[in-house]
Amino acid sequence: MFKKDNVKIGDMVLIKEDNIPVSNWPLRRIVKLYPLKDNIIRVVDIKAKTGIFKRSVSRLCVLPIESTNLKVPGQFFVNSNIGIPLPDYLSRLQELMRALKPSGPVHHGLKAVYMPKDLQTCSHVFVKRRPIDRALTSPFESPFPVKKRRDKNFVVLENGQEKVISVDGLKPVVILSDTTSSNLSYTTKYGGKVRFRLPP
């Protein structure tokens, strides 16, 4: 119940609904009051999209909104003097806008291809097998000498023939300093003997 002075025509109200959250209650406007002899208002007319309906005030929540005129977006800003005559300001703005240029395209192909440090200086390389025939097979073939280096591929002497192979399929070979013998042995830290056989 509301007293006649506490509610008036034009007030915005929320209509209570039991099965939906408060944030989804419909917003409506009061268009008519029905005061009783004791100046108590129990029923009002609510304007909706489909018409005007009577609602009990026990199902309404009056919003504390003052009845003021709506403002357009430009009225939210305070007028300020920019200190420059308007024609000069517009001409300078036009010049600045004409001077704007899009950034140039990025050429991804000009970047250097990643290459391991040892691959740039090694004399022999392992060549990756494509495809691997059997399980437990080494993914790389025997070391082959490098004849020529390029940015993205090497010229490798494989079985007496020069082949151009991409750097993605190559792995550098680290050769021991003593290369006087074709069969080199190496002792591991556990005492094991490892023999390396270099190609002729």
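This one's a predicted model, so the numbers in the text were calculated from it and none came from an experiment. (Residues numbered from 1 in each chain as written. Predicted model: local features only at pLDDT ≥ 70, side-chain atom pairs only at ≥ 80, totals over all residues. Heavy atoms only, no water.)

**A look at the side chain of H124**
Argument step 1. Among the secondary structure elements, H124 is positioned in strand β7 (residues 124-128).
Argument step 2. A polar contact is formed between the side chain of H124 and the side chain of S123, at a distance of 2.9 Å. (Helix = DSSP H or I, 4+ residues; strand = E, 2+ residues; numbered from the N terminus. Polar contact = N/O pair within 3.5 Å; in protein donor to acceptor, adjacent residues only side chain to side chain.)

**Considerations on the pairing of strand β4 (residues 40-48)**
Argument step 1. Pairing geometry for strand β3 (residues 27-35) and β4, over six bridges, is antiparallel. What sits directly across from K32, in β4, is D45.
Argument step 2. Remark: two residues form the turn of the hairpin made by β4 and strand β5 (residues 51-56), two consecutive strands paired antiparallel. (Pairing = 2+ DSSP bridges.)

**Some points on the sheet that holds strand β8 (residues 140-149)**
Argument step 1. Pairing in this open sheet of five strands is antiparallel, and the strands run β10-β9-β8-β7-β11 from one edge to the other. Lying at the two open borders of the sheet, with one neighbouring strand each, are β10 (161-166) and β11 (170-172). Mean inter-strand twist for the sheet, computed between neighbouring axes without regard to direction, equals 45 degrees.
Argument step 2. As paired strands, β8 and strand β9 (residues 153-158) are joined by three bridges and run antiparallel to one another. By the bridge assignment for β9, K148 is matched with V155. (Axes fitted to C-alpha atoms, helices over the stretch in contact; angles between N-to-C directions.)

**Things to note about the nonpolar core**
Argument step 1. Listed in full, the 12 residues of the largest apolar core are M115, L119, C122, V125, V127, F144, V146, F154, V156, I165, V167 and L170.
Argument step 2. Apart from residues lying up to four places away in sequence, V146 is in contact with C122, S123, H124, V125, F154 and V155.
Argument step 3. Ranked by size, the runner-up nonpolar core spans 10 residues in total, among them V7, I15, V44 and V57. (Core = buried A, V, L, I, M, F, W, Y, C linked by side-chain atoms within 4.5 Å. Buried < 20%, exposed > 50% of the residue type's maximum accessible area, 1.4 Å probe, protein only. Contact = heavy atoms within 4.5 Å.)

**Thoughts on the pairing of strand β2 (residues 12-15)**
Argument step 1. Judged by which residues are buried, β2 turns out to be covered on both faces: M12 and L14 on one side and V13 and I15 on the other are all buried.
Argument step 2. Sheet topology note: the β2/β3 ladder contains three bridges and is antiparallel. When the bridges of β3 are listed, V13 appears paired with R28.
Argument step 3. In the sheet, β2 pairs with strand β6 (residues 60-62) via three bridges, with the strands oriented antiparallel.

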